[in-house]
Amino acid sequence: MTAWKRDTAPLSDPPSGDDDPRFGDADIFSLLRDQDPPHATQVTAAGAAWLASAAVCPRSTLSLWDTRPAAPGVLPCGSVFDVVNVPTIFGRRMLDRLWTEGPGSGPVAIHRGRMLLFACPGTAQRLPSLLNWEEWGTAGESPVPPMLCHGTSDAVTVPPLTTPATSSATSGPRWVVAPDVRHPWLPGPEVMLWACVRAARSAPVPKARISIFPPADRDAKVYDVTRRR
């Protein structure tokens, strides 16, 4: 298994390599090609083609993005990708483990205090079962915070393809790792389970509070001094 690698090859035609007639001649590809050199949070023309391929009508989706490239979109899950939806702090721990100790990640976005990790189709169905089988020691309770797994029949909000210069970095959905190749590598349920377990076990354990006072005597008598004359 290899990490998701960036494709820096120039794009002279809409989606590279496939010649898919469903996409037609969308000007959004020209817009994305004319941007500054791509970085991790910037969608490329090939990445936009991959996102649009998840839609029921890719050509209509690209046409909509052509007229409103700075607007978020809604795409169905289950055919091209699934999405694992976790709290942002826990998601950052997962992402850190994936990139420092694991195979890397697929596209990742943030929306409304949640992190959306794009995964292989089928992950949404298998990951919850794998987590239920995981042993968490004597505590017995899973330290993994509540997560949502979006798969078949679900849809997610994806960040806009472009971000206006006047837009706040914290307003609305945004890409943490943007899609930039036509066929990005996506982690499967086993990799996501591994990341969840590593992130959960790396979370800081709250220390027990130590009091300098002796424990209270439950049998001690209590006097109401307010009524003393």
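A brief look at the structure comes next. Here the structure is a predicted model, which means the values were calculated and not measured. (Residues numbered from 1 in each chain as written. Predicted model: local features only at pLDDT ≥ 70, side-chain atom pairs only at ≥ 80, totals over all residues. Heavy atoms only, no water.)

Glancing now at helix α6 (residues 189-201). Residues lying three or four places apart along an α-helix face the same way, a consequence of the helix completing one turn every 3.6 residues. Compared with the 18 Å implied by 1.5 Å per residue over 13 residues, the 18 Å span of α6 between its first and last C-alpha is a close match. When we look at burial in α6, the residues that qualify are Pro189, Val191, Met192, Leu193, Ala195, Cys196, Val197, Ala199 and Ala200. Contacts made by the buried residues of α6 are with β2 (82-87), α4 (88-100), β4 (114-119) and α5 (123-133). (Helix = DSSP H or I, 4+ residues; strand = E, 2+ residues; numbered from the N terminus. Expected span 1.5 Å × (residues − 1). Buried < 20%, exposed > 50% of the residue type's maximum accessible area, 1.4 Å probe, protein only. Contact = heavy atoms within 4.5 Å.)

According to the stated counting rule, one finds five salt bridges in the structure shown. Glutamate 134 is paired through a salt bridge with arginine 201; the nearest N and O atoms lie 3.5 Å apart. Residue glutamate 134 is found in the loop between α5 and β5 (148-150), and its partner arginine 201 is found in helix α6; the two are separated by 67 residues along the sequence. Judged by relative accessible area, which is 23%, glutamate 134 ranks as partly exposed. Here the salt bridges share partners, and the residues they tie into one network are Asp96, Arg97, Glu101 and Arg198. (Salt bridge = Lys/Arg side-chain N within 4 Å of Asp/Glu carboxyl O.)

Let us now look at the packing of helix α2 (residues 45-52) against helix α3 (residues 58-67). Running from amino to carboxyl end, α2 crosses α3 at an angle of 130 degrees, the nearest separation of the two axes being 9 Å. Comparing their axes, α3 and α2 come out oblique. α3 is crossed by α2, and the crossing has right-handed handedness. Side by side, α2 and α3 meet where Ala48, Leu51 and Ala52 of the first sit next to Pro58, Leu62 and Trp65 of the second. Split into classes, the residues belonging to the contact of α2 with α3 amount to six nonpolar, no polar and no charged. (Axes fitted to C-alpha atoms, helices over the stretch in contact; angles between N-to-C directions. Parallel < 35°, antiparallel > 145°, perpendicular 65-115°, else oblique. Left-handed = near helix turned anticlockwise from the far one by under 90°. Nonpolar A, V, L, I, M, F, W, Y, C, P; charged D, E, K, R; others polar.)

To continue, consider the packing of aromatic side chains. Under the counting rule described, the total for this entry stands at four aromatic pairs. Plain terms: the ring middles of tryptophan 50 and phenylalanine 118 are 6.2 Å apart, the flat faces sit at 55 degrees to each other, and that makes the pair tilted. With tryptophan 50 in helix α2 and phenylalanine 118 in strand β4, this residue pair connects regions lying 68 residues apart in the sequence. The same class applies to tryptophan 50 and to phenylalanine 118, which are both buried. With a centroid separation of 5.8 Å and 40 degrees between ring planes, the pair formed by phenylalanine 118 and tryptophan 175 is classed as tilted. Within this pair, whereas phenylalanine 118 is found in strand β4, its partner tryptophan 175 is found in strand β7 (residues 174-177), the two being separated by 57 residues in sequence. By the ring-pair criterion, three or more aromatic residues cluster together here, those being Trp50, Phe81, Phe118 and Trp175. (Phe/Tyr/Trp six-rings, centres within 6.5 Å; stacked < 30°, edge-to-face > 60°.)

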